[in-house]
Amino acid sequence: MLTFNSIDVETANADRASICQIGIVHVREGRIEDQWQTLVNPEDWFDPWNVSIHGIEENDVRHSPTIPEVRDELRDRLHGSVLISHTSFDRVAFERAMVRYDLETLRVTWLDSAKIARRAWPERYGQKGYGLSSIAKDLEISFRHHDALEDARAAAEIVLRACDSTEIDIEGWLRRVDRPIFTLSPGELSGKREGNEEGALFGETILFTGALSIPRRKAADMAADAGCNVVNTVSNKVTMLVVGIQDESKLKGYQKSSKHRKVEEFIEKGVDIQILSESDFSGLMGADL
């Protein structure tokens with residue numbers, strides 16, 4: 001399942017309840033289908049430092065709705081959904097704003113895109129560099145930072161990239177973010193392995209997609225022992241793709257995974273890549289180990 005909402009807010013001052021802009025992005029089956037944004041009158045003062053960040057001034061929101069006046073819109077758009085925010089800032093902002101106005105809190109399931117990115121790419125963001133602008137720059141996601149709608153869209157794009165890279169859906173991430181970032185070594189967690197130089201398949205680079213009958217970690221260890229470098233992203237260095245059983249709910253309407261489709265694009269361009277079933281892989285490992 002790749003259906004969720006993403007949200008971001010800007011505030012007038014250091015009090016997180018002083019929301020002055022809200023941006024919401026709706027993702028359905030892996031695609032951005034709708035978005036909504038509004039300026040908000042926080043009924044509070046504007047700190048010049050905050051204004052220098054987002055550019056929203058008191059005069060800009062003088063005739064804008066207050067939080068109680070947008071509460072129904074928020075409930076209609078978000079009630080019962082998985083709601084993405086990058087770090088806890090936006091969640092805390094809404095919680096404090098609802099308390100300020102004595103309103104019922106949003107009934108949503110919050111999911112932190114920073115936590116997702118740190119676990120999807122632990123070697124890059126596990127310990128640092130997991131700010132929204134840093135990740136977006138690395139992933140070549142263009143956006144205008146500190147505009148609530150643009151930030152919400154960037155967070156949504158990061159989650160979609162993480163789901164695509166790891167083949168973990170939203171339900172899976174809801175479970176995964178509660179576990180430590182480094183449950184394994186960074187190399188094991190990312191799925192990468194260096195091939196055994198004495199192995200019969202040394203020099204091959206292998207990539208897996210889909211579910212195998214054995215744990216992916218075990219398959220990666222087998223391939224590395226046989227000499228293969230094991231990677232988790234598609235490039236022209238890949239020489240073998242092992243295709244397991246595909247979960248249709250993760251394919252976004254396609255018949256094949258994104259990794260499988262990208263490999264086929266490389267093959268059409270003349271790159272020599274073998275596409276193997278799990279039984280082909282097992283036979284190869286049995287023959288060479």
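All figures in this text were calculated on a predicted structure; none of them were measured in a lab.

Trainee: What exactly am I supposed to notice about the packing of helix α4 (residues 113-120) against helix α7 (residues 148-166) here?
Mentor: Interhelical geometry of α4 versus α7 gives an angle of 30° and a closest axis separation of 10 Å. Between α4 and α7, the interaxial angle falls into the category roughly parallel. Of the two elements, α4 crosses α7, and the hand of that crossing is left-handed. Between α4 and α7, the contacting residues are Ser113, Ile116, Ala117 and Ala120 on the first element and Ala155, Ile158, Val159, Ala162 and Thr166 on the second. Among the residues forming the contact of α4 with α7, the class breakdown is 7 nonpolar, 2 polar and no charged.

Trainee: Is there a simple way to think about the sheet that holds strand β9 (residues 274-277) in this case?
Mentor: Across a sheet, paired strands are connected by hydrogen bonds in the backbone, their directions being either parallel or antiparallel. Pairing in this open sheet of 4 strands is parallel, and the strands run β7-β6-β8-β9 from one edge to the other. At either end of the open sheet lies a strand with only one pairing partner, and these are β7 (229-231) and β9. With strand direction ignored, the average angle separating the axes of adjacent strands in the sheet is 30°. The sheet contact formed by strand β6 (residues 205-209) and β7 spans 3 bridges and is parallel. For Thr205, the partnering residue across the bridge sits in β7 and is Asn229. Seen against the sheet, helix α10 (residues 216-225) touches β6 and β7 and runs at an angle of roughly 165° to β6.

Trainee: Help me understand the sheet that holds strand β1 (residues 4-11) in this model?
Mentor: Reading across from one edge, β3-β2-β1-β4-β5 is the order of the 5 strands in this open sheet, with mixed pairing throughout. In the strand order of this sheet, the two ends are held by β3 (31-39) and β5 (109-112), each with one partner. Between one strand axis and the next, the sheet turns by 25° as a mean value, whatever way the strands run. Pairing analysis gives 8 bridges linking strand β2 (residues 19-28) to β3, with the strands arranged antiparallel. Residue Gln21 lies in a different strand from β3, and its bridge partner there is Leu39. Against the sheet, helix α3 (residues 89-100) touches β1, β2, β4 (82-85) and β5, its axis set at about 70° to β1. Lying over the sheet, α4 contacts β4 and β5, oriented at roughly 45° with respect to β5.

Calculation notes
Here the residue numbers are simple positions, counted from 1 along each chain's written sequence. Side-chain atom pairs in this predicted model are given and counted only at pLDDT of 80 or more, local residue features only at pLDDT of at least 70, and totals for whole chains, interfaces and linings cover all residues. Based on all heavy atoms of the structure, the side-chain values leave hydrogens and waters out of the count. Note on method: axes are straight lines fitted to C-alpha atoms, helices fitted across the in-contact stretch only, with angles between N-to-C directions ranging 0 to 180 degrees. Per the convention used, a helix needs a DSSP run of H or I reaching at least four residues, while a strand needs a run of E reaching at least two, with both numbered from the N terminus. Oblique is the label for any angle not under 35 degrees, not over 145, and not in the 65 to 115 range, which are roughly parallel, roughly antiparallel and roughly perpendicular in turn. Crossing handedness: left-handed means the near helix sits turned counterclockwise from the far one by under a right angle, and right-handed means the same turn made clockwise. Should any heavy atoms of two residues lie within 4.5 Å, those residues are considered in contact. Polar here means any residue outside two lists: the nonpolar Ala, Val, Leu, Ile, Met, Phe, Trp, Tyr, Cys and Pro, and the charged Asp, Glu, Lys and Arg; Gly therefore counts as polar. For two strands to be treated as a pair, DSSP must find at least two bridges joining them.

Any functional reading would require information that these geometric values do not contain.
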